[in-house]
Structure formats: structure tokens, C-alpha cells
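Residue strings, one per chain:
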Amino acid sequence: MKSAKKLICQRLKKNKIAIVGLAMITFLLFLAVFAPWIVPHDPIEPNLGKRFLSPCKEYPMGTDDLGRCVLSRVIYGTRVSLQVSMSVVGIIAVIGVTLGLISGYFGGKLDELIMRFVDTVLAFPGIILAMAVAGALGPGLFNVMLALALVSWTGFARVVRSSVMAVKEKEFVESARALGCSDLYIMTRHILPNVITPVIVLATLDMGFIILAASSLSFLGLGAQPPIPDWGSMLNNGRVYMRTAPFLTIFPGIAITTAVMAFNFLGDGLRDAMDPRPQRELKK
Amino acid sequence: MTLLSIRDLRTYFYTEDGVVRAVNGIDLNLEEGETLGIIGETGCGKTMLGLSILRLLSENTKVEGEVLYRGTDLIRLSKAEMRKIRGKEISMIFQNSLSSMNPVLTVGKQLAEPLEMHQHMKKQAAKQKVIEMLKAVKIPSPSDRAAEYPHEFSGGMRQRAMIAMGLACTPSLIIADEPTTGLDVTIQAQIIELIKEVLEHSGASMLLITHDLGVASELCNSIAVMYAGEIIEYAGIIELFKNPRHPYTRGFFGSLPNRGLKPMPGTCPSMINLPGGCKFHPRCPHASSRCEKEKPDMLKLGEKHYVRCFLYD
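These numbers come from a predicted model, not from an experiment.

Caption draft 1: Expanded view of the overall build of chain A. Broken down by element type, chain A carries 12 helices and zero strands. Reading the helices (α) and strands (β) of chain A from amino to carboxyl end gives α-α-α-α-α-α-α-α-α-α-α-α. Referenced to the eigenvectors of the C-alpha coordinate spread, the extents of chain A come out at roughly 75 × 50 × 30 Å. Within the span of chain A, comprising 284 residues, buried residues form 46% of the whole. Sequence-distant contacts in chain A: of pairs separated by 6 or more residues, those separated by 24 or more amount to 73%. Total accessible area on chain A is roughly 14,000 Å²; 69% of this is exposed by carbon and sulfur atoms. Mean positive and mean negative side-chain charge positions of chain A (28 and 18 charges, respectively) differ by 6 Å.

Written as C-alpha cells, this is what we have:
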């Protein structure tokens, strides 16, 4: 929507926190894409002569138990985190939106079936179910992604379903039907564009959640396996040396916090900007 | 030649409060090139009749009877076959042009839909055709307007665009459900002119659903007056205005400002709990005991003038 897009951009620009979030995400993306050219040292190659160096000029974040540069590993960790969260959010958005569309549009028994399935998944505490799944599949990044996708698509399904139920009663759906549109056509061409706003917001917020969840699983040893530089496994690794070398945990911790916060800031900002009610503007 | 022939059409809804009898056995014929007006009060089932013809009603509805379009019974067509009729053979123009258009698609895209669907036009060709269509319904600078969203159009423009959409595939029958309601009087007049022109140009027939006698008199050849889901009087336009016979029709005309503004007492009966006998008898000034018990049949009063009332028995 041309004018609506403009309006959303305008509102977003006014929201300083959202802009900060956007800037942080851009920065993280930049780090992830250009990691090989930015990092000062090899993130994987051990250098046993330089173990546990405190932050200094050459190693701004110090070195770990194998003498590897923590800064380089944190930068490479951005790659892993963003890759995982983007693929998982992509997968769950597609699954959730599809099921939500079907459920909301057709209603009846199909809706009942899909929603009870959603309830079943929701009945488990997400991260624990993901742990169980990842544990059963065996450790590894791919399995973590699979596990997270399996437990977190429900939000999309529910949000989309409820929006679809409101939109499908609108007159333009009837008028589309009067023109001879098929159900599939109406669902994809007419209803989907009308329910995409909450999906975008949810996807942004979920990015942060997935980064956090993936880091948790890695911390527990289920995610990225050494020597892959991953924030969660770096935390786990540094835990042992917390007293002597706190920088091993502090910097990956800051990275996780920053990334999660960035996506939450942007998500909240988007939610406010896409809110169709104009009250927020009146307040100013 | 008869284009549309409706035989004993009945539409029922099953609701928690009971069965809603929205259409109660309607017989109608629509000739090729004819414009037939369906008039009646709010809630008499006019819109339901229109939706029943195109089978656009929800799952909890039951439609009985026959709707013969060029000899094919629409009620018995499969869903896929019905989709090929909608928009291509029979199209519908809705009342509220703002809510009847998708707010997140441009007008041009929505107008192109029937072309892409029924005539399998390529995007570029459809775009060109859309601009022609918008020009035909007198929308200024059509190529710019096609890229705009429905809310950027004025009410009259949107209604023009709706008409263009209804005509996209040159249908033989157009069902127009209150096409001028909600527009101000000057725009109403323009839209009526446009519809007239368009009908003349395309030779299509139209079923005009309205409660506005003025609009009906401008556009229709004949009129069917509907009350509580039944046709109670049917006549040519001039005959009906000169010589309304049914007490309800008379009351309807009497409530016009230039004929004394005498509103009829009471309202349309609830479609769940319809009165027995003649459905109008509780409001009828001439009601007798016979009207309460028996249901009057359609009586022929003259050539093309039928009425459902015992007064003329």
C-alpha cells in the first residue's frame, strides 16, 4: 500500500527506539556479511601461546582457553545467530501463515483440528520441548533449527487465523467471490495481504526470541558444536573460567543481549507504527 | 428470449433462533435486454434473492427451486462450474463500494482480476484493458487512477469503478444491489445515466435491487414488488406507477414525499415467524378473515400485470 507504507515509515522514523533497533540490526547484518574481512584474527585456529589474555590492543576482547580471539569469535557468532534465527523465522512464518490461513478461512472441523494441534504444541513449555527434540535428534545446528521451528510456529498460526476470521467476513471477499474467484485465489490474493501486518511484527519479535532460544540450546551443548563460534557455546565454554577470565562470558553475553534487544526494539516500533488507530499521533 | 427464469425459489437460513425464510417461492422471468427492478422495504429478502441467484450465500443456507440461466439450472451446477458463471456470465454490483473493494490492492489490480481469471489475459494486456474500462465509465486520467487504492477514490468514482469491474467480461446479466445508495443526489443521477448508457451499449439485462422508486423508474422496464420474501405485484413500469393494485404497493407509493408522505404503519414481519395466509394482512387496511387463513395466488390483471391479493379475486 503506497500511502500506508509511507505513513508507516513516517511513524517509524519518529520512534527513536525503533530507529536505534534498526541501526543495531543493520550493524549486526554488516558484521555477519563481512565477517571474514573484518575479524582481526582467525576465530578457529588455536594459539596456545596466548591463552587467557585480558582485553588489550591486539585482542580487544581478550583470548579464550585455546588462545583464540574472542572479538573474532563474537563477530563470527553473529553469522551463526542470524543464520539460525532467519531460517527458523522463515520456516515458521511459512508454516504458521499457511495453517492459519487454512484454519481461519475454512473454519469448521478443519479449523478445530488445526487449532487443537496448536494447543497440543502450546501445552509444552517451548524451550523444554525444543530441548527434548534437539536432544532426541542429536546435537547440531540443523537439529536445533528444526527443534525451534517445531515449537514456535504456533504464534503465527494463531495470529493469522484470528485476522483471517475477521477479514473473510468483509464485503470485498464476497465481491471477489461474485467475480468468480476460487477459494485459493481469495486466500492468497485478497486475504493474505490484509493480514500481513501482524505477521511482520511477529516475525521481527520472534527473531529476538529465536536468537535467545538458539543460544540457550547451544549453551546446553545441543546447538553449534565446537569449534564453530557460537555465542551460546562461547558462554558455556567461558563459564568454567568465570572468576579468572570474566571477559570470556561478558562479551558473548553482551552480543546476545544486543541482538535480542535490537529485534525487540524494531518489533515494538513496527507494531506501534502499523497500528491502524491514529491515537498515538494525537497524544503528541 | 428468456435469459433468466426463476422457478419457485426458496432460500432458508438455519440459525439458532429458528429457520429464517428469506425467499419464499419466487417466480420470475427476465428477458434478454430487459431491466427488472426488485423493490421492497429493508429486510424483505431482495438482497437474498440476488445472492441466491449467484449462490453467494453461506454454508448454513438452503436454496431450493430452479434458477434457469439460458436453460442451465444454476442451483445444480458444481462449485467450479458456478465460478465460471460468476463475473463472466452474471456479475454483481454491490451497494457499498468502499467495503466491496479490497483496501490493500490497487483499483487497477482488482479490475484486472476478472480479465485474468475468465479471459486468461496476460498482465500487460489486462492493464491496457483496465484503462479502457475506466475510460468507459468516465474516470478522468484513468492510467493514473488505476494505480491508486480504493480509499483514494471518491464515492462516485468508486461506484463507477465497481460498475466497470462488473462489466469487465461483458456479462449477459448484471445484478445491481442498490447501486446508488449512499451516494449524493447529483452523483446518483450520474451513476444512473452511466448504467443506462452501459446497458444500452452492451445489451445486457439487469436485475436492479432497490428500495428507491425514483431509481427504479429511471432504469427499469418492469418492476416486481417484494414483501416478506414473496413477489406480491409485478407490472410494467408505467402500468405500476399509474395503476398500483396491491395495498402494499399503494402504501409504498403513498409513502413517497410527492404523494403525501404517508408512511405505512408497521414494519416487515420477522422472517422467522411469518404470519399465515397473506403475509401482508396484519398491516393491510383491507384485510378480511379470508386473508388470515388463505394465501392468495398470483392473479393476472392485465397483460404483464400480476398481483397477489384477494381484493381482485
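Caption draft 2: Structural detail: the packing of aromatic side chains. Residues and elements named next belong to chain B. In this structure the tally under the stated criterion is 11 aromatic pairs over all chains. Between Tyr227 and Phe280, the aromatic rings sit 5.0 Å apart at their centres with planes inclined by 85 degrees, giving edge-to-face as the arrangement. Placement of the pair is Tyr227 in strand β9 (residues 222-227) and Phe280 in the loop between α10 (247-254) and α11 (289-293), with a sequence separation of 53 residues. Taking the relative accessible area as the measure of exposure, Tyr227 reaches 2% and is therefore buried. Geometrically, the ring pair formed by Phe241 and Phe253 is edge-to-face, given 4.9 Å between the ring centres and 75 degrees between the ring planes.

Caption draft 3: Region of the structure containing the confidence of the model for chain A. On average, chain A scores 90 in pLDDT, and the residues at 70 or more come to 95%. Element-level pLDDT for chain A is lowest in helix α12 (residues 279-283) of chain A, with a mean of 49, against a maximum mean of 95 in helix α3 (residues 70-106) of chain A.

Caption draft 4: Looking closely at the interface of chain B and chain A. At the interface, 26 residues of chain B touch 18 residues of chain A. With both sides pooled, the region where chain B packs onto chain A buries about 2,200 Å², and carbon together with sulfur makes up 57% of that total. Seen at the junction of chain B and chain A, the total is one salt bridge. Notably, a salt bridge pairs Glu113(B) with Arg189(A), separated by 3.8 Å at the nearest N-O pair. At the surface where chain B touches chain A, the tally comes to nine residue pairs in polar contact (both at pLDDT 80 or more). The element contributing the most residues to the side of chain B that touches chain A is helix α3 (residues 107-118) of chain B, with six residues. Across the side of chain B that touches chain A, the residue classes break down as 14 nonpolar, seven polar and five charged.

Thresholds applied
For every chain, the first residue of its written sequence is number 1, and the numbers climb from 1 along that sequence. All chains are assigned letters beginning with A, and all ligands numbers beginning with 1, in the order in which they are written. Where local features are concerned, this predicted model is filtered to residues with pLDDT of at least 70; where side-chain atom pairs are given and counted, the filter is 80 or more; whole-chain, interface and lining totals use all residues. Remark: hydrogens and water are excluded; side-chain values derive from all non-hydrogen atoms of the structure. Each helix is a run of H or I in the DSSP string that is no shorter than four residues. Each strand is a run of E no shorter than two, and both are numbered from the N terminus. A 1.4 Å probe rolled over the protein chains alone gives each residue an accessible area, and that area as a share of the maximum for its type sets the label: buried under 20%, exposed over 50%, partly exposed in between. Contacts are assigned to residue pairs with any non-hydrogen atoms lying within 4.5 Å of each other. Calculation of accessible area relied on Shrake-Rupley with a 1.4 Å probe; when residues are assessed, cover is drawn exclusively from the protein chains displayed. Counted charges follow a simple rule, with Lys and Arg positive, Asp and Glu negative, and His plus the chain ends left uncounted. For the purpose of locating charges, the reference atoms are NZ of Lys, CZ of Arg, CG of Asp and CD of Glu. Paired rings are identified among Phe, Tyr and Trp, the last through its six-membered ring, by centres lying within 6.5 Å, and are further divided according to the angle between planes into stacked (under 30 degrees), edge-to-face (over 60) and tilted (the rest). The pLDDT value expresses, per residue, how confident the predictor is, ranging between 0 and 100. When two parts are put together, the accessible area they lose, computed with a 1.4 Å probe and summed over both, is reported as buried area. For this document, the term salt bridge refers to a Lys or Arg side-chain nitrogen within 4 Å of an Asp or Glu carboxyl oxygen. In protein, a polar contact requires one atom able to donate a hydrogen and another able to accept it; more generally it is a pair of N or O atoms within 3.5 Å, and residues adjacent in sequence count only if both atoms are side-chain atoms. In this classification, Asp, Glu, Lys and Arg are treated as charged, Ala, Val, Leu, Ile, Met, Phe, Trp, Tyr, Cys and Pro as nonpolar, and every other residue, Gly included, as polar.

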